[in-house]
Amino acid sequence: MRYLPLIWAGLIRRPVRSLLTFLSIFVAFILFALLGGISAGLAHVREASRLDMLYTTPRFGAPLPYAYAGKIAAVPGVTIAAPETMMRGYYRDPKNPIGVQMVRPDIFAAHDDILVTKAQIAAFAANRSAAIVGVGFARAYGWKVGDKVSITSATLSANGGRSWTFDIIAIAQDADYEDLPFFVANYDYFDQARLTDKGTINMVSVRTNDPTRSAEISRAIDALFANSPAPTRTISEKANQQSSTQALGDVDVLTRTVSSAVLFMLLFLTGNTMMQSVRERIPEFAVMRTLGFSDAGTLALVFAEALLLCALAGACGLLAAKLGLSLVRGKLPIGMSSLVVFSWTGMAIGFAFALAVAFGSALIPAFRIRRMNIVDALAGR
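Residues numbered from 1 in each chain as written. Predicted model: local features only at pLDDT ≥ 70, side-chain atom pairs only at ≥ 80, totals over all residues. Heavy atoms only, no water.

Caption draft 1: Examining the overall build of the protein chain more closely. Counting its regular elements, the protein chain contains 14 helices and 12 strands. Residues counted as buried form 44% of the 381 residues belonging to the protein chain. Sequence separation of at least 24 residues holds for 79% of the intrachain contacts in the protein chain that already meet a minimum separation of 6. Accessible surface, the protein chain: about 19300 Å² in total, of which carbon and sulfur atoms supply 63%. (Helix = DSSP H or I, 4+ residues; strand = E, 2+ residues; numbered from the N terminus. Buried < 20%, exposed > 50% of the residue type's maximum accessible area, 1.4 Å probe, protein only. Contact = heavy atoms within 4.5 Å. Areas by Shrake-Rupley, 256 points an atom, 1.4 Å probe, with all protein chains shown as cover.)

Caption draft 2: Up close: a nonpolar patch on the surface. Together, V16, L19, L20 and L23 make up an exposed nonpolar region whose accessible area comes to about 380 Å². Mapped onto the secondary structure, L23 falls in helix α2 (residues 15–48). (Patch = residues over 30% accessible without salt bridge, like charges linked within 9 Å, V, L, I, M, F, W, Y side chains within 5 Å. Salt bridge = Lys/Arg side-chain N within 4 Å of Asp/Glu carboxyl O.)

Caption draft 3: Here's a closer look at the pairing of strand β6 (residues 130–134). The buried fraction of β6 amounts to five of the five residues, a majority that puts the element mostly inside the structure. Here β6 shows no split at all, with A130, I132 and G134 on one side and A131 and V133 on the other all buried. Note: β6 against strand β8 (residues 163–174), five bridges, orientation parallel. Looking at β8, one finds that A131 is bridged to I168. (Pairing = 2+ DSSP bridges.)

Caption draft 4: Inspection of the packing of aromatic side chains at higher detail. Here the structure, examined in full by the defined rule, presents 15 aromatic pairs. Judged by centre distance (6.2 Å) and plane angle (50°), the ring pair of F137 and W143 falls under tilted. Judged by relative accessible area, which is 7%, F137 ranks as buried. Here W143 falls in the buried class, since its relative accessible area comes to 5%. A connected cluster of aromatic rings, assembled from ring pairs, spans Y91, F137, Y141, W143, W164, F166, F183, Y189 and F190. (Phe/Tyr/Trp six-rings, centres within 6.5 Å; stacked < 30°, edge-to-face > 60°.)

Caption draft 5: Region of the structure containing the pairing of strand β7 (residues 148–153). Burial along β7 is one-sided: the face carrying V149, I151 and S153 is buried and the face carrying K148, S150 and T152 is not. Inspection of the sheet shows strand β3 (residues 78–90) paired to β7 by two bridges, in the antiparallel sense. Residue pairing for β7: G89 is matched across the bridge by S153. Here β7 runs beside β8; their pairing, made up of five bridges, is antiparallel. Across the sheet, K148 pairs through a bridge with D167, a residue of β8.

This is how it looks when you write it as structure tokens:
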């Protein structure tokens, strides 16, 4: 610690240059954290998706007969086949779109990641207008258990109305996503009350007993209806998520490429700063060596300056990014905050990169100090 004033004096010798370098590193590590957060969020989505969960949907868009669910349940390897259909609408304002999944109570056995109790499932089955909503929607719209919620939809009821009223009997958390927005209601209530497409569904959620046979079971399900008027397409949840993320491009390659470019830029930037700083102070280092500083001592000063600059700027950038992401997540669209994850592990990795940049940028200046001839340095040669 007694050499800290000497290290600090070297950094503020050219305060504008040091400040600009600090800000460059600060901004670069904010970018590094943002890219890492997005990449980690998408990785979490892929890891949370399952191979033993299949989705059977219409191949050509036409609704599927409700009877398909029973036929799928009879396929070897299928443990649960839960029918569902989607009613799209909005809450109060068209700017608040909501998709209401009309389901049977067995959907909670298929999606056991939705954390509901047996009592809540029983209440859902007993109340025709019951609804269970996710934490994301409840937070966004201030819903609570016992509220009656009206959803306006283009789907007409038997009396020609567009308003559908539901009783919220539970607010549920998803095990994998902290703010997953979902809204599930009773299929029987919806099917009996709607004007058209009675007795149809647009998806069957299928659980299998062996994830390694998912592709085989998918083909068996689709083969059942290959020659029917409503053929199907069955895909695993994992494959569906991978397809969705790939539609955005290879985000992992993009983030790694940009992060690598940022780190190389920082290496050259801080390396140039340290080389200029050391070059200007060659006579001073020569005097220090004359006064008894060892080779290791002068080299340690060079590395300490780079370490203090890079570590301080990097740590500030990473902390600012983590704080900023925590604030921004609350402003993101419903359900999007799970896609931005910057953990303390990511912070540690970022700080390790800052230390690596500090070490790399100090290598050449330290090598120059190591080879310095005291007489020539004092003479200004």
